[in-house]
Amino acid sequence: MTVQIEQSWKEALQSEFDKPYFAELVGYLHAEKRAGKVIYPPGPQIFRAFELTPVGSVKVVILGQDPYHGPGQAMGLSFSVPDGVPAPPSLRNIFREAEDDLGIRMSGRPNLEGWARQGVLLLNAMLTVRAGEPSSHDAIGWQQFTDAVIRYISDNCEHVVFMLWGNYARSKAAFIDHSRHLVLEAAHPSPLARGAFFGSRPFSKANRYLEATGRGPVDWQL
């Protein structure tokens, strides 16, 4: 089975693509489409995070859960929506924390491709979702795949910052070698966390670590 994904990731993850669960996952998505279900993000954008952030450039991983399930929102990058789409509440809180943490002014532009092109892998644990049905693809195999991505980065990359926000993301800390990487855990930026995310200062902590390890900081200002 051929998977359209950036070449360095294709080579890194070929063993996952060859496993039966991945063929079943692809079959499930095709069956959903045949049944008239709308799936987000559009097919060409499912692996967008990998396209913009090849293996060798990964400095930071920001882990989300599902893609956005509203029309026009999901674009294959965790927390990001296309230009012209209003920033969702969690993303507005991420921007507020970045401003407070770094003393910068964000434009409010909700498209995070600028981060991705600097080595920030904006990875959702599930890479697809059925329109209007959050968590609808939680059990079809994506978690096995993205857990393998996290393990691969942990085992084969050096000095990566993992930002794990909320209990779901924090559960992935067990897959990461803390002696080789920086793991920053915090509350989820959703308003449902009642502001517990604020003051976690992930952006300055990440840049201090990246500078100290010779990788160079991320310009978080958009």
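That block above? That's the structure.
Residues numbered from 1 in each chain as written. Predicted model: local features only at pLDDT ≥ 70, side-chain atom pairs only at ≥ 80, totals over all residues. Heavy atoms only, no water.

## Section: the overall build of the protein
- For the protein, the helix and strand inventory stands at eight helices and six strands.
- In the protein, the succession of α and β elements from N to C terminus is α-α-β-α-β-α-α-β-β-α-β-α-β-α.
- The C-alpha atoms of the protein give 17 Å as radius of gyration, which agrees with the globular expectation for 222 residues (17 Å, within 12%).
- With respect to the three principal axes, the spread of C-alpha positions in the protein is 50 × 35 × 25 Å.
- Counting over 222 residues, the protein shows a buried share of 52%.
- Of the contacts formed within the protein by residues at least 6 apart in sequence, a portion of 68% connects residues at least 24 apart.
- For the protein, the accessible surface area stands at approximately 9,800 Å², while carbon and sulfur atoms represent 50% of it.
- Between the centroid of the 22 positive side chains of the protein and the centroid of its 23 negative side chains there is a distance of 4 Å. (Helix = DSSP H or I, 4+ residues; strand = E, 2+ residues; numbered from the N terminus. Rg over C-alpha atoms; globule rule 2.2 N^0.38 Å. Buried < 20%, exposed > 50% of the residue type's maximum accessible area, 1.4 Å probe, protein only. Contact = heavy atoms within 4.5 Å. Areas by Shrake-Rupley, 256 points an atom, 1.4 Å probe, with all protein chains shown as cover. Lys, Arg positive; Asp, Glu negative; His and termini not counted. Charge placed at Lys NZ, Arg CZ, Asp CG, Glu CD.)

## A word on the environment of Asp177
- By secondary structure assignment, the location of Asp177 is in the loop between α7 (166-170) and β6 (182-186).
- Residue class for Asp177 comes out partly exposed when judged on its relative accessible area of 29%.
- The sequence separation of Asp177 and Asp155 amounts to 22 residues, and the corresponding C-alpha distance is 7.4 Å.

## Thoughts on the sheet that holds β6
- Judged by pairing direction, the sheet is parallel, and its four strands sit side by side in the order β3-β2-β5-β6 without closing on themselves. Two strands lie at the open edges of the sheet, namely β3 (120-124) and β6, each paired on one side alone. Between one strand axis and the next, the sheet turns by 20° as a mean value, whatever way the strands run.
- The strands touched by helix α6 (residues 142-156) within the sheet are β2 (60-64), β3 and β5 (161-165), with β3 carrying the most contacts at an inclination of about 155°. (Pairing = 2+ DSSP bridges. Axes fitted to C-alpha atoms, helices over the stretch in contact; angles between N-to-C directions.)

## A few points about the pairing of β3
- For β3, the tally of buried residues reaches five of five residues, placing the bulk of the element in the interior.
- The alternating pattern of β3 places Val120, Leu122 and Asn124 on one face and Leu121 and Leu123 on the opposite face, and all of these are buried.
- In the sheet, β2 pairs with β3 via five bridges, with the strands oriented parallel. Counterpart to Gly64 in the pairing with β3 is Asn124.

## A word on helix α2 (residues 20-34)
- For α2, built from 15 residues, the straight-helix expectation of 21 Å at 1.5 Å per residue is met to within 8% by its first-to-last C-alpha distance of 21 Å.
- Of the positions making up α2, those classed as buried are Tyr21, Phe22, Leu25, Leu29 and Glu32. With its buried residues spanning 105° around the axis, α2 presents them on a single face. With respect to the buried face of α2, the exposed residues turned more than 90 degrees away are Pro20, Glu24 and Arg34.
- Where α2 is buried, its residues contact α1 (7-17), β1 (39-40), β4 (129-130) and α6.
- One or two residues past the end of α2 sits Gly36, with phi positive at roughly 85°. (Expected span 1.5 Å × (residues − 1). Arc of directions from axis to C-beta.)

## Comments concerning helix α4 (residues 89-102)
- Between the first and last C-alpha of α4 there are 20 Å, a value that for 14 residues agrees with the 20 Å anticipated at 1.5 Å per step.
- Within the span of α4, buried status applies to Ser90, Leu91, Asn93, Ile94, Phe95, Glu97, Ala98, Glu99 and Asp101.
- In this fold, the buried residues of α4 make contact with α5 (113-116), β5 and α8 (202-212).
- Taken from the residues just after α4, Gly103 is the one with a positive phi, measuring 65°.

## A look at unusual backbone geometry
- A cis amide bond links Tyr40 with the next residue in sequence, Pro41, at an omega value of -10°.
- By the secondary structure assignment, Pro41 is in the loop between β1 and α3 (48-52).
- With a phi close to 55°, Arg201 is a non-glycine residue in the positive phi region.
- Locating Arg201 in the fold gives a position in the loop between β6 and α8.
- Using a relative accessible area of 36% as the deciding quantity, one classes Arg201 as partly exposed.

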